[in-house]
Amino acid sequence: MTDSKYFTTTKKGEIFELKAELNSDKKEKKKEAVKKVIASMTVGKDVSALFPDVVNCMQTDNLELKKLVYLYLMNYAKSQPDMAIMAVNTFVKDCEDPNPLIRALAVRTMGCIRVDKITEYLCEPLRKCLKDEDPYVRKTAAVCVAKLHDINAQLVEDQGFLDTLKDLISDSNPMVVANAVAALSEIAESHPSSNLLDLNPQSINKLLTALNECTEWGQIFILDCLANYMPKDDREAQSICERVTPRLSHANSAVVLSAVKVLMKFMEMLSKDLDYYGTLLKKLAPPLVTLLSAEPELQYVALRNINLIVQKRPEILKHEMKVFFVKYNDPIYVKLEKLDIMIRLASQANIAQVLAELKEYATEVDVDFVRKAVRAIGRCAIKVEQSAERCVSTLLDLIQTKVNYVVQEAIVVIKDIFRKYPNKYESVIATLCENLDSLDEPEARAAMIWIVGEYAERIDNADELLESFLEGFHDESTQVQLQLLTAIVKLFLKKPTETQELVQQVLSLATQDSDNPDLRDRGYIYWRLLSTDPVAAKEVVLAEKPLISEETDLIEPTLLDELICYIGTLASVYHKPPSAFVEGSRGVLHKGLPPRTGSIEGPESPDTAPSGEPAADQPSVIPTQGDLLGDLLNLDLGPPVTGPPMATSTVPMGAVDLLGGGLDSLIGGSGSFTAAPSSTAPTNVGAPLGSGLGDLFDLTAGVGTLSGSYVAPKTVWLPAMKAKGLEISGTFSRQVGSISMDLVLTNKALQVMSDFAIQFNRNSFGLAPAAPLQVHAPLAPNQSVEISLPLNTVGSVMKMDPLNNLQVAVKNNIDVFYFSTLYPLHILFVEDGKMERQMFLATWKDIPNENETQFQIKDCSLNADAVSSKLQGSNIFTIAKRNVEGQDMLYQSLKLTNGIWVLAELRIQPSNPSFMLSLKCRAPEVSQYIYQAYETILKN
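Predicted model only: the values in this text are computed from it and were never measured.

### Regarding the overall build of the chain
Alright, step 1. A tally of regular secondary structure across the chain gives 38 helices and 13 strands.
Alright, step 2. Taking the contacts inside the chain whose residues are at least 6 apart along the sequence as the reference set, 68% of them involve residues at least 24 apart.
Alright, step 3. Within the structure as shown, the chain displays about 44200 Å² of accessible surface, and the carbon and sulfur contribution to it stands at 51%.

### Here we look at the confidence of the model for the chain
Alright, step 1. Residues of the chain with pLDDT of at least 70 account for 85%, and the chain-wide mean is 80.
Alright, step 2. Long-range and interchain partners of residues 598-707, a stretch whose pLDDT sits below 50, account for 143 contacts in this model, where long-range means more than four residues apart.

### Some remarks on the environment of Leu 291
Alright, step 1. Inspection of the secondary structure assignment puts Leu 291 in helix α17 (residues 275-291).
Alright, step 2. Take Leu 291: its relative accessible area is 10%, and that puts it in the buried class.
Alright, step 3. For the pair Leu 291 and Leu 303, spaced 12 residues apart in sequence, the C-alpha separation works out to 8.7 Å.

### Some words on helix α30 (residues 534-541)
Alright, step 1. For α30, the full list of buried residues reads Pro 534, Ala 536, Ala 537 and Val 541. The arc that holds the buried residues of α30, viewed along the axis, is 155°, so those residues lie on one side. Turned more than 90 degrees from where α30 packs its buried face, Val 535 and Glu 539 sit exposed.

### A short note on the nonpolar core
Alright, step 1. Grouped together as the largest cluster of nonpolar side chains are 213 residues, with contacts concentrated most on Tyr 72, Phe 91, Leu 126 and Phe 418.
Alright, step 2. Domain assignment of the residues forming this core places at least three in each of domain 1 (3-229) and domain 2 (441-540).
Alright, step 3. Residues Ala 712, Leu 726, Leu 773 and Leu 789 belong to the second largest nonpolar core, which totals 62 residues.

### Structural notes on the environment of Val 181
Alright, step 1. On the secondary structure map, Val 181 appears in helix α12 (residues 174-190).
Alright, step 2. Residue class for Val 181 comes out buried when judged on its relative accessible area of 0%.
Alright, step 3. Remark: the alpha-carbon pair of Val 181 and Val 143, spanning 38 residues in sequence, is separated by 9.4 Å.
Alright, step 4. The contacts of Val 181, once residues within four sequence positions are left out, are Ile 169, Leu 207, Phe 221, Ile 222 and Cys 225.

### Examining the packing of aromatic side chains
Alright, step 1. Considering all chains together, one arrives at 12 aromatic pairs under this definition.
Alright, step 2. Residues Phe 765 and Tyr 823 carry aromatic rings whose centres are separated by 6.5 Å and whose planes lie at 80° to one another, so their mutual orientation is edge-to-face. Placement of the pair is Phe 765 in the loop between β4 (757-760) and β5 (768-769) and Tyr 823 in the loop between β8 (816-822) and α36 (837-846), with a sequence separation of 58 residues.
Alright, step 3. You can call Tyr 823 buried: its relative accessible area is 0%.
Alright, step 4. Among the aromatic residues, those joined into a ring-pair cluster are Trp 717, Phe 732, Phe 765, Phe 819 and Tyr 823.
Alright, step 5. Its guanidinium or amino end placed over the ring of Phe 369, Lys 335 lies 5.2 Å from that ring's centre, counting from NZ or CZ.

### Examining the pattern of salt bridges
Alright, step 1. A full pass over the atoms with the stated rule returns 38 salt bridges.
Alright, step 2. Here Lys 261 ties to Asp 224 by a salt bridge, and the two come within 2.9 Å at their closest N and O atoms. Placement of the pair is Lys 261 in helix α16 (residues 253-267) and Asp 224 in helix α14 (residues 216-227), with a sequence separation of 37 residues.
Alright, step 3. Taking the shortest distance from any N to any O, the salt bridge between Arg 371 and Glu 441 comes out at 2.5 Å. Note that Arg 371 is positioned in helix α21 (residues 367-383) and Glu 441 in the loop between α24 (429-434) and α25 (442-454), a separation of 70 residues in sequence.
Alright, step 4. Relative accessible area serves as the criterion here: at 22%, Glu 441 is assigned to the partly exposed category.

### Focus: the environment of Glu 28
Alright, step 1. Positionally, Glu 28 belongs in helix α2 (residues 27-42).
Alright, step 2. Judged by relative accessible area, which is 52%, Glu 28 ranks as exposed.
Alright, step 3. Remark: the alpha-carbon pair of Glu 28 and Leu 65, spanning 37 residues in sequence, is separated by 9.8 Å.

### Considering α12
Alright, step 1. Counted at 1.5 Å a residue, the expected span for α12 with its 17 residues is 24 Å, and the 25 Å between its end C-alpha atoms agrees.
Alright, step 2. A side-chain oxygen of the first residue of α12 lies 2.8 Å from the backbone nitrogen of Met 175; this N-cap is Asn 173.

### Description of a negative patch on the surface
Alright, step 1. A cluster of acidic side chains, namely Glu 464, Glu 467, Glu 471 and Glu 501, defines a negative patch on the protein surface.
Alright, step 2. Tracing the sequence through the fold places Glu 501 in helix α28 (residues 500-511).

### As for the sheet that holds strand β6 (residues 784-792)
Alright, step 1. Here we have 5 strands laid out as an open sheet, ordered β1-β2-β3-β6-β5, and antiparallel in their pairing. Edge positions in the open sheet fall to β1 (715-718) and β5, since each of these has one partner strand only.
Alright, step 2. Pairing of β5 with β6, which is carried by 2 bridges, proceeds in the antiparallel orientation. Opposite Pro 769, over in β6, you have Leu 791 as the bridge partner.

### Remarks on the pairing of strand β11 (residues 887-895)
Alright, step 1. Counted residue by residue, β11 has 8 buried out of 9 residues, so it is predominantly covered.
Alright, step 2. Bridge count for strand β10 (residues 877-884) against β11 is 7 bridges, and the pairing is antiparallel. The residue bridging Val 884 from the neighbouring strand is Gln 887, located in β11.
Alright, step 3. In this antiparallel pair of consecutive strands, β10 and β11, the connection spans 2 residues, and Glu 885 shows a positive phi of 50°.
Alright, step 4. The pairing of β11 with strand β12 (residues 901-908) spans 8 bridges and is classified as antiparallel.

### Points about unusual backbone geometry
Alright, step 1. Along the chain, Asp 801 connects to Pro 802 via a cis peptide bond; the corresponding omega equals -5°.
Alright, step 2. Relative to the assigned elements, Pro 802 resides in the loop between β6 and β7 (805-811).
Alright, step 3. Although it is not a glycine, Glu 885 adopts a positive phi angle of roughly 50°.
Alright, step 4. Structurally, Glu 885 can be placed in the loop between β10 and β11.

### Remarks on the side chain of Ser 531
Alright, step 1. On the secondary structure map, Ser 531 appears in helix α29 (residues 517-532).
Alright, step 2. A residue is classified by how much of its surface remains accessible, and Ser 531, at 2% relative accessible area, is buried.
Alright, step 3. Side-chain polar atoms of Ser 531 contact the backbone oxygen of Trp 527, separated by 2.9 Å.

### Overview of the packing of helix α8 (residues 116-130) against helix α9 (residues 135-151)
Alright, step 1. Contact geometry for α8 and α9: axes closest at 10 Å, N-to-C directions at 155°. When the axis of α8 is compared with that of α9, the two are roughly antiparallel. In the packing of α8 onto α9, the handedness of the crossing is left-handed. Taking contact as the criterion, the partners of Asp 116, Thr 119, Leu 126, Cys 129 and Leu 130 in α8 are, on α9, Val 137, Arg 138, Ala 141, Ala 142, Cys 144, Val 145, Leu 148 and Ile 151.
Alright, step 2. Residue classes in the contact of α8 with α9 are distributed as 10 nonpolar, 1 polar and 2 charged.

Calculation criteria
Note on numbering: residues in each chain are counted from 1, in written sequence order. A pLDDT threshold of at least 70 governs which residues receive local features in this predicted model, and a stricter bar of 80 or more applies before side-chain atom pairs are shown or counted, although totals over entire chains, interfaces and linings include all residues. As a rule here, side-chain values come from all non-hydrogen atoms in the structure, and water together with hydrogens is ignored. Secondary structure elements follow DSSP: runs of H or I of four or more residues count as helices, runs of E of two or more count as strands, with numbering from the N terminus. Throughout, a residue-residue contact means that at least one pair of heavy atoms, one from each residue, lies within 4.5 Å. Using a 1.4 Å probe, the Shrake-Rupley method yields the accessible areas, and only the shown protein chains count as cover for residues. How sure the predictor is of each residue is captured by pLDDT, a score from 0 to 100. Only protein chains enter the accessibility calculation, which uses a 1.4 Å probe; a residue whose area is less than 20% of its type maximum is buried, one above 50% is exposed, and one in between is partly exposed. Of all possible arcs, the one meant is that of the directions from the helix axis to the C-beta atoms. We define the nonpolar core as a collection of buried residues of types Ala, Val, Leu, Ile, Met, Phe, Trp, Tyr and Cys that are connected through side-chain atoms lying within 4.5 Å of one another. Boundary definitions for the domains trace back to an automatic or database domain assignment. In this analysis, rings of Phe, Tyr and Trp, with Trp reduced to its six-membered ring, are considered paired at centre separations within 6.5 Å, and the interplanar angle assigns stacked below 30 degrees, edge-to-face beyond 60, and tilted for intermediate values. A ring is scored as having a charge over it whenever the NZ atom of a lysine or the CZ atom of an arginine sits within 6 Å of its centre and within 35 degrees of its normal. In the sections that follow, a salt bridge refers to a side-chain nitrogen of Lys or Arg positioned within 4 Å of a carboxyl oxygen of Asp or Glu. Expected span, for any helix, means 1.5 Å times one less than how many residues it has. We define a polar contact as two N or O atoms separated by no more than 3.5 Å, with the added condition that, inside protein, one atom must be a possible hydrogen donor and the other a possible acceptor, whereas residues neighbouring each other in sequence contribute only through side-chain atom pairs. Note that patches include only residues with greater than 30% relative accessible area and no salt bridge, and the join distances are 9 Å for like charges and 5 Å for nonpolar side chains (Val, Leu, Ile, Met, Phe, Trp, Tyr). Only four residue types enter the tally: Lys and Arg on the positive side, Asp and Glu on the negative side; His and the chain ends are excluded. The atom standing in for a charge is NZ when the residue is Lys, CZ when it is Arg, CG when it is Asp and CD when it is Glu. Whether two strands pair depends on DSSP finding at least two bridges between them. An axis is simply a line fitted to the C-alpha atoms; with a helix, the fit covers only the stretch in contact. Between two such axes, the angle follows the N-to-C directions and lies from 0 to 180 degrees. Oblique is the label for every angle not falling under 35 degrees (roughly parallel), over 145 degrees (roughly antiparallel), or within 65 to 115 degrees (roughly perpendicular). Definitions for this section: a left-handed crossing has its near helix turned counterclockwise from the far helix by less than a right angle. A right-handed crossing has that turn clockwise. Each residue is assigned to one of three groups, with Ala, Val, Leu, Ile, Met, Phe, Trp, Tyr, Cys and Pro labelled nonpolar, Asp, Glu, Lys and Arg labelled charged, and all others, Gly among them, labelled polar.

Pasting the structure below:
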């Protein structure tokens, strides 16, 4: 008879009856009663009142009854911790039972009872079981240590269980080894800093030996552990690969993927010239292909992993294109994933085959799939240049089908083909224009408008086509409105006489009748460009566009390397690192591939301090404190509202007519062009950065001579890994009374970056940007741009630690990124920092002696005159010089931007390369940083 009968009763007074049955003398009755209790517990009834009675049944030789009682115990121990202590004695006894199954059962249950009070009683039985003669008990005990560590880590460490676990890695039984590895890996994950799995060639050898005889899950634990090992050279990497390769033919797909992960990781260390490298590539393909014959859900997981593998090493599957052809009965999620991989594998050799397939897919019934297939044809054209001609003709055939969504996708795709191969396929524009009326999706409308604007000079009725879109301007989506605005401005610049009314119309629609800030801003920019400098407008709007890259959807290389280390886990299905989706991930370790053999690059060290600054004071990265985070999140990443003008010009502001009729020169007549509403005209026009700064500063005569203040070499402030591919390096400089931050922005991602802005957090000296961060053109992949950002010192002040710490937020179209850097204090030394002699003497006496600090500047071989002129270049002025007993004494003064004076006495002994520097100041906390500035200037 089955056990279903236990689940059918719902009598009242049941608990009382069960209590009586549990205390019965008959073994059979007892067993029946415990089964009923477990059944009630399973359906969610509260049977915790029977705790003492059930625990009494523990002392039995019947294994089945013991298992049931232990099951009950695990469930209720947490809610009845005081009662659970009653069971401890039985555990201790059961751990010494002659039957190994009972010993293992006791240990397993002990690990599952998560009650703090009991844990210390369990240490002794656990210690015995870890050294038990039966491997079944030892392997169970190994897992129990990991569970115990989760409840009370300190106890496990004090009792020395971790060392016992490490010893179990050398156990003679492969299952014990696998469980020990699993337990240690689990513990190591929650304590990333501890070096628990201290792997060396000897222990790796033991793991590889155990690998052949383990159960499949044991093999996965061992393979995952091997993947975290870093072989010392390519010989060791090759020998590990040779011993792992047989796992590729395992029946369990999880074992196969774990083996693939190890091989993908260690292949990084093998030279591509090795014969073995080629053999390994050939061996990797068949198991991956086999995974695709499983059920759809497994296929999907395999395809997501293959997608990563193909991006890293396309050569593995380059001959296996046919496996990824879509079957009619594949679910949509498998179809879309296969399509993606087909494009990644497309090459000149197989493009004919691929195109024939894709054309077939474009006639399917599944709309999503058809769209993706049409897009895929376009991606093939961009990826394989030789096939572009065939792809375009295929797309034209599809447009002729007049199926609405096919036509729309085809137009979106053709726009990209025009961007990749300018002046090649423009003959098809006529066909596209015929389908204008059928477009109803924003992306397709925007693509068509872009084509009309870009090739306006070739389309006779371009103005009519664009005017037809203008009629319903306010009903269009933002994407279409923005595209329409740009297209009409392009048209106007190409055919000014015929389209003046049209451009007036679109500009007033965009600026006066729209409440979308992006659209309004773009409208005003075009308006001002057209009205002030038509030539510049032409250069900006009709600039040559960079060609689009082949694969815009590749995963960023650093992230791809990390994901390869997570093959066979959820991260490889989501294509995101674990830290992105594991909640409260206790220090998820960022993994990476080993460096390639023969690469001569040293490890990147973006965190090294700029020269002349103590490495120990490296600022911590924002945001740590809550209030700072608040400040940074409320940043208005635009130009600061207040702040002195960068230079006073003699031209009165009102004389520059920003918006008034500057268009005449463009149109060639006296055409009227109404100005934008004056309420929105900017009140302050910043000087163009970089180009005009030199001329502007000539106006500020008398501020100071052009001083050659020392400028430190640029260092990396924000590495690309921390900013989704944006790398920022920079330095600070001061010239003729103005401070600037000299930046190099490098795009190491695979997508274009734009819309840059910068903001500083409050800092000790009120440093703030004096103008917006101007990156004139979008930053394409692998491009760099140098920018000089003028700074002023009128920002908000907050004392930082260290004093010269500057916390910066940089925004672009991808995200906002934070970093901190230390600025050298000499950029704050002002040009009028020379004190009168009498004033110097009086101030020196006036500042109390406890404010005097002394420093030694070592290894400096300059004489007094050279020192004096070098320091004057950075606005440290020598007021007097004396010679006392062969020693040169320089008395110097400097003034910081916030008005703090610092007085210095520098002793120089001609034969001694060490100088003595005494500093006096009313704010002694700056002295340390002034000394650093002295050292930096004198030693560079």
